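# Coordinate analysis (summary)
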Amino acid sequence: GTGSGFNLDANGTIVTNAHVVEGADEVTVTFKDGREIRGEVIGEDSLTDVAVIKVDESNLPTVTLGDSDALRPGEWAIAIGNPLGLDNTVTAGIVSATGRTSAQIRVPDKRVDFIQTDAAINPGNSGGPLLNEKGEVIGVNTAIIGGGAQGLGFAIPINEARAIADELITKGRVDHAYLGIQMRTLTSALKAEINADPRANLRLQAESGVVILGVAQNSPAARGGLRLGDVIVSMNGQTVAEANEVQQIVADTAVGGAIAMTLNRNGQTVELSVRPGAFPTQSR
């Protein structure tokens, strides 16, 4: 496979996408001056799609990092990469939106709130930088929605990508907190559908929250007492109304840290303390 990347430092630390280097221990890095250098994959994190490669070089040109938390829709966005094998291609557009959830862009297995841009991002752009008008990196280009969509590109915010990269450099892995549940935002339509399904054998009473539709065996959720049909109403005193809020609270909790949960179980209020574990399928 091929993709793009950029130098975090002058000593050959390169950021790219995890899916670009998936299954590889070594890669070939081609620089703009034509040099081809063997690189080592020192860490990859499939949940955020960030990977770090190391090449034995020095005095390399580096990028300047911006602040993705300060982005606003309408700002300029510039993508640089290797789309379809066309080296050093530059495309421009705007930041169309921030905070796009993984479910919204049809990659529900990822744990990233994406930057959306209409700068053209095509296969081969993956791992390349998304820049602002100052030339600062604000994101790592990573995804396009299939089905012939035009003007819909996505990037991992650089603040998150840099934090993940730092962990990969230090430990070679990233420990993500997880509960081990399948869940959906509870709506009136979903409630009616579940209650009318005799196979579900559930009778939901709550009007809002996040309903648990599956609990993995031997998972932190199972050990903590969560059950099929429970409706999560609040976590750590914070009311939750959507599934992505639950995911964010879990992601912000340290592995082994306690989350106080308030549930609606068959119309009764249940209080539990659940401790997330480390997500079990890190590839490196």
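This report concerns the structure included in the present document. Quick caveat: nothing in here was measured; it's all calculated off a predicted structure.

Quick notes on the rules
- Residues numbered from 1 in each chain as written.
- Predicted model: local features only at pLDDT ≥ 70, side-chain atom pairs only at ≥ 80, totals over all residues.
- Heavy atoms only, no water.
- Buried < 20%, exposed > 50% of the residue type's maximum accessible area, 1.4 Å probe, protein only.
- Helix = DSSP H or I, 4+ residues; strand = E, 2+ residues; numbered from the N terminus.
- Pairing = 2+ DSSP bridges.
- Phe/Tyr/Trp six-rings, centres within 6.5 Å; stacked < 30°, edge-to-face > 60°.
- Axes fitted to C-alpha atoms, helices over the stretch in contact; angles between N-to-C directions.
- Contact = heavy atoms within 4.5 Å.
- Salt bridge = Lys/Arg side-chain N within 4 Å of Asp/Glu carboxyl O.
- Polar contact = N/O pair within 3.5 Å; in protein donor to acceptor, adjacent residues only side chain to side chain.
- Core = buried A, V, L, I, M, F, W, Y, C linked by side-chain atoms within 4.5 Å.

## Looking at the pairing of strand S15 (residues 231–235)
In terms of burial, S15 is largely enclosed, as four of its five residues are buried. Pairing of strand S14 (residues 210–215) with S15 involves two bridges; the strand directions are antiparallel. Pairing of Val211 across the sheet is with Val231, part of S15. With four bridges connecting them, S15 and strand S17 (residues 259–265) associate as antiparallel partners. Each bridged residue has a counterpart across the sheet, and for Ile232 the counterpart in S17 is Leu263.

## Re the packing of aromatic side chains
Enumeration according to the criterion identifies two aromatic pairs in this entry. Judged by centre distance (6.4 Å) and plane angle (75 degrees), the rings of Phe114 and Phe154 are edge-to-face. Placement of the pair is Phe114 in strand S8 (residues 114–117) and Phe154 in strand S11 (residues 153–157), with a sequence separation of 40 residues. Overall, Phe154 belongs to the buried group, its relative accessible area being 2%.

## What about the sheet that holds S8?
A barrel is described by the order of its strands in space; here six strands give the closed sequence S6-S7-S8-S11-S10-S9, paired in antiparallel fashion. Taking the axes of each pair of neighbouring strands and ignoring which way they run, one obtains an average angle of 45 degrees across the sheet. One ladder, built from three bridges, connects S8 with S11; its direction is antiparallel. In the strand pairing of S11, Ile115 is matched with Ala155. Across the sheet, helix H2 (residues 158–171) lies against strand S10 (137–144) and S11, angled at about 55 degrees from S11, the strand it touches most.

## Details of the pattern of salt bridges
Applying the stated criterion to the full structure yields 10 salt bridges. Of the charged contacts, one joins Asp175 and Arg173 as a salt bridge, the two residues approaching to 3.2 Å between their closest N and O atoms. Looking at Asp175, the relative accessible area reads 35%, which means it is partly exposed. Judged by its relative accessible area of 36%, Arg173 is partly exposed. Put simply, Arg265 and Asp230 hold a salt bridge, and the shortest N to O gap is 2.8 Å. Of this pair, Arg265 sits in strand S17 while Asp230 sits in the loop between helix H4 (220–224) and S15, and the two are 35 residues apart along the sequence. Asp230 matches Arg265 in its accessibility class, with the two residues each being buried.

## Some remarks on the side chain of Ser102
Structurally, Ser102 is set in the loop between strand S7 (89–100) and S8. There is a polar contact of 2.9 Å between the side chain of Ser102 and the backbone oxygen of Lys110. Excluding residues that lie within four positions of it along the chain, Ser102 makes contacts with Val107, Pro108, Lys110, Val112, Phe114 and Gln247.

## Focus: unusual backbone geometry
The backbone phi angle of Asn218 is positive, close to 60 degrees, even though this residue is not glycine. Among the secondary structure elements, Asn218 is positioned in the loop between S14 and H4. Within the chain, Asn236 stands out as a residue other than glycine whose phi angle is a positive 50 degrees. The topology assignment puts Asn236 in the loop between S15 and strand S16 (238–239).

## With respect to the nonpolar core
Core analysis: the largest hydrophobic core is formed by 21 residues, its most contacted members being Phe6, Val140 and Ile156. Elements that contribute at least two residues to this core include exactly strand S5 (50–55), S10, S11 and H2. Looking at which element gives the most residues to this core, the answer is H2, with five residues. Residues within four places of Ile156 in sequence aside, it is in contact with Asn17, Thr48, Asp49, Val50, Val112, Phe114, Ile138, Gly139, Val140, Thr142 and Ala161. Judged by nonpolar contacts, the second largest core, of 19 residues, contains Leu226, Val240, Ile259 and Val270.

Purely geometric stuff here, so don't read any function into it on its own.
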